[in-house]
Amino acid sequence: MPRRSLWKGSFVDAFLYELKNQKDRLANSKVWSRRSSILPEFLNSTLRIYNGRNFVRCKVTEDKVGHKFGEFALTRKRRPLGVPKGAPKENYETGRKRIPDAE
């Protein structure tokens, strides 16, 4: 479902638009434009998408065409549900409850 009007077409950054026909330069290139749409010319190429901190490697498949690059480079860390922010990793990775020392 396109969000942009059809007469405008999908948005692609000028840098990526120039690279779409050059497969050798497109392979393993860095993409800062998370707002750009993925074109069919990018199929079967591996790109590195910037998430604000580092680059996330992403292989473009048919299912990803038409989506935005930013959808495939998450910007936030995932943590398991129900784990408090300050909890040490050992507690929720092992599944054991931490028993306080009895004094």
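What counts, and where the lines are drawn
- Residues numbered from 1 in each chain as written.
- Predicted model: local features only at pLDDT ≥ 70, side-chain atom pairs only at ≥ 80, totals over all residues.
- Heavy atoms only, no water.
- Core = buried A, V, L, I, M, F, W, Y, C linked by side-chain atoms within 4.5 Å.
- Buried < 20%, exposed > 50% of the residue type's maximum accessible area, 1.4 Å probe, protein only.
- Helix = DSSP H or I, 4+ residues; strand = E, 2+ residues; numbered from the N terminus.
- Contact = heavy atoms within 4.5 Å.
- Phe/Tyr/Trp six-rings, centres within 6.5 Å; stacked < 30°, edge-to-face > 60°.
- Pairing = 2+ DSSP bridges.

Enquirer: So what's going on with the nonpolar core? Which residues, and what values?
Expert: Within the largest apolar cluster, 14 residues are counted, with the highest numbers of intra-cluster contacts made by L16, F42, L47 and F69. Where this core is concerned, the elements lending two or more residues are α1 (14–19) and β2 (46–50). Once residues within four sequence positions are removed from consideration, F69 is found in contact with L16, V31, S33, R34, S36, S37, I38, F42, L47 and I49.

Enquirer: Before we move on, could you go through the packing of aromatic side chains and cite the residues and values that matter?
Expert: To describe a pair of aromatic rings, you give the distance between the ring centres and the angle between the ring planes. Considering all chains together, one arrives at four aromatic pairs under this definition. On the numbers, 6.5 Å between centres and 45° between planes, the contact of W32 with Y50 is tilted. Within this pair, whereas W32 is found in the loop between β1 (30–31) and β2, its partner Y50 is found in strand β2, the two being separated by 18 residues in sequence. Given the relative accessible area of 56%, W32 is considered exposed.

Enquirer: Please provide a residue-by-residue account of the side chain of S36, values included.
Expert: On the secondary structure map, S36 appears in the loop between β1 and β2. For S36, a relative accessible area of 0% gives the class buried. Excluding its chain neighbours within four sequence positions, the residues that come into contact with S36 are F11, V12, D13, L16, H67, K68 and F69.

Enquirer: Can you explain the sheet that holds β1? Please cite residues and give values.
Expert: By definition, the strands of a sheet pair up through backbone hydrogen bonds, in either a parallel or an antiparallel sense. Strand order in this open sheet of three strands is β1-β2-β3, and the pairing throughout is mixed. Two strands in the sheet have a free side with no partner beyond their single neighbour: β1 and β3 (55–59). Of the pairings in the sheet, the one linking β2 to β3 comprises five bridges and is antiparallel in character. When the sheet's bridge partners are listed, L47 is paired in β3 with C58.

Nothing here speaks to function; it is geometry throughout.
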